[in-house]
Amino acid sequence: MGGDTTRGPLTICVQIIGEVPPGLALRRDGAHGGDEIWVSGVLGDAALALANLQRRVELMPLESASCLPRLRVPLPRVELGLALRGVASAAIDISDGLLADLGHILESSGVGAKIHFEALPLSEVASRYIEQEVVQNCVLAGGDDYELCFTAPPEKHAEILSIAQQIGLPLACIGIIKNTAGLSVLRAGQAMTIKATGFDHFS
């Protein structure tokens, strides 16, 4: 069940070792004030599928069938990661929740961030239920999407859009890195009250 920081009757640890060209690793500690914040694909569908299975939200059968593969068969964004070498200033995959994983970038880089809720990329299913608090939590803190969250200087904006077109994967600019600490999510210009940021391995 999970990795080496979860509880359960069985733990299976897998280690994968690879190589990266010198100076081109996508790290967490390279974000700078003024950088744009980007995410790939859509957010929240994996957590939404789980919430439906746990009866915390009620989806129609076709809606559930649309979200369930995101939970059970996630697609790692390897091609995007390779394309972002030399473009992204920092990057991380969204496994524990957007806010939690972006928070790792902020902590490692010594910066803060401002996110616009309306800019978050959603599937049609998530869009239908987004006014429900549980669905908002799925999008902001659900995890298991394994999309990439990355930062890049504004002058890389057009190049990132070109990458999106080349690999056939939507990329959305959702906010900006600040020089001052703190992470805020704005909706209609007002700061949202955030009750959860994502999965905590040590809780």
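Residues numbered from 1 in each chain as written. Predicted model: local features only at pLDDT ≥ 70, side-chain atom pairs only at ≥ 80, totals over all residues. Heavy atoms only, no water.

An unreviewed UniProt entry annotates the chain as Thiamine-monophosphate kinase of Sulfuricella denitrificans.

Asker: Honestly, the overall build of the chain in this entry has me stumped. Any pointers?
Answerer: When its secondary structure is counted, the chain shows 7 helices and 7 strands. Scanning the chain from its N terminus toward the C terminus, one meets helices and strands in the order β-α-α-α-β-α-β-α-α-β-α-β-β-β. Its C-alpha atoms give the chain a radius of gyration of 17 Å, near enough to 17 Å, the size a compact globule of 203 residues would have. Summarising its shape, the C-alpha atoms of the chain cover approximately 45 × 45 × 35 Å along the three principal directions. Scored against the burial criterion, the 203 residues of the chain give a buried share of 42%. Entry remark: accessible area of the chain is about 11200 Å², with carbon and sulfur atoms responsible for 55%. Separation of charge centres in the chain, based on 15 positive and 23 negative side chains, amounts to 3 Å. (Helix = DSSP H or I, 4+ residues; strand = E, 2+ residues; numbered from the N terminus. Rg over C-alpha atoms; globule rule 2.2 N^0.38 Å. Buried < 20%, exposed > 50% of the residue type's maximum accessible area, 1.4 Å probe, protein only. Areas by Shrake-Rupley, 256 points an atom, 1.4 Å probe, with all protein chains shown as cover. Lys, Arg positive; Asp, Glu negative; His and termini not counted. Charge placed at Lys NZ, Arg CZ, Asp CG, Glu CD.)

Asker: Please explain the pattern of salt bridges as it appears in this structure.
Answerer: When the charged atoms of two side chains lie near each other, side chains of opposite charge can form a pair. Evaluated as defined, the whole model comprises 8 salt bridges. Across the salt bridge formed by Glu159 and Lys156, the nearest N and O atoms sit 3.8 Å from each other. Judged by relative accessible area, Lys156 falls into the partly exposed class, the value being 23%. Where salt bridges share partners, they join Arg70, Arg77, Asp145 and Glu147 into one cluster. (Salt bridge = Lys/Arg side-chain N within 4 Å of Asp/Glu carboxyl O.)

Asker: So what exactly am I meant to see when it comes to unusual backbone geometry here?
Answerer: A negative phi angle is the norm for most residues apart from glycine, just as the trans form is the norm for most peptide bonds. In this structure, Arg55 takes a positive phi of about 60° despite not being glycine. One can find Arg55 in the loop between helix H1 (45–53) and helix H2 (61–72). A positive phi angle is found at Tyr146, which is not glycine, with a value near 60°. A relative accessible area of 29% means that Tyr146 is categorised as partly exposed.

Asker: Is there a simple way to think about the packing of aromatic side chains in this case?
Answerer: To describe a pair of aromatic rings, you give the distance between the ring centres and the angle between the ring planes. On inspection of all chains with the given rule, the structure shows 1 aromatic pair. Arranged with centres 6.2 Å apart and planes meeting at 5°, the rings of Trp38 and Phe150 form a pair that is stacked. Of the two residues, Trp38 sits in strand E1 (residues 36–40) while Phe150 sits in strand E4 (residues 148–152), which places them 112 residues apart along the sequence. Of the two residues, Trp38 and Phe150, neither departs from the other in class, the shared state being buried. (Phe/Tyr/Trp six-rings, centres within 6.5 Å; stacked < 30°, edge-to-face > 60°.)

Asker: What should I look at first to understand helix H6 (residues 133–141) in this one?
Answerer: Along an α-helix, residues three or four positions apart point the same way, because every turn accommodates 3.6 residues. The buried fraction of H6 is high, at 7 of 9 residues. Every buried residue belonging to H6 is among Val134, Val135, Gln136, Cys138, Val139, Leu140 and Ala141, and all of these are buried. In the stretch just after H6, Gly143 is the one whose phi turns positive, near 80°.

Asker: Can you walk me through the UniProt feature "domain: PurM-like C-terminal" (unreviewed entry) in the chain in this structure?
Answerer: UniProt records the feature "domain: PurM-like C-terminal" (unreviewed entry) at residues 72–184, using the numbering of this structure. Between the end C-alpha atoms of residues 72–184 there is a gap of 31 Å, over a span that is 40% helix and 21% strand. (UniProt positions renumbered as here; feature names shortened; annotations may be inferred.)

Asker: Help me out: how do you make sense of the pairing of strand E3 (residues 112–116) in this one?
Answerer: Successive side chains on a regular strand alternate, one facing one side of the sheet and the next facing the other. Bridge count between E3 and strand E5 (residues 171–178): 4 bridges; the pairing is antiparallel. Of the residues in E5, the one forming a bridge with Gly112 is Lys178. For E3 and strand E6 (residues 183–187), the ladder comprises 4 bridges, and the chain directions are parallel. Paired with Lys114 across the bridge in E6 is Ser184. (Pairing = 2+ DSSP bridges.)

Asker: Can you help me understand the pairing of E5 in this one?
Answerer: Inspection of the sheet shows E1 paired to E5 by 5 bridges, in the antiparallel sense. Within the sheet, the bridge partner assigned to Trp38 lies in E5 and is Cys173.

Asker: Help me understand the environment of Gly33, please; the structure alone is not making it clear to me.
Answerer: When you line up the elements, Gly33 lands in the segment before E1. Once the C-alpha coordinates of Gly33 and Val125 are considered, the two residues, 92 residues apart in sequence, prove to be 34 Å apart. Look past the residues within four positions of Gly33 in its chain and what remains in contact with it is Val111, Ile177, Lys178 and Asn179. (Contact = heavy atoms within 4.5 Å.)

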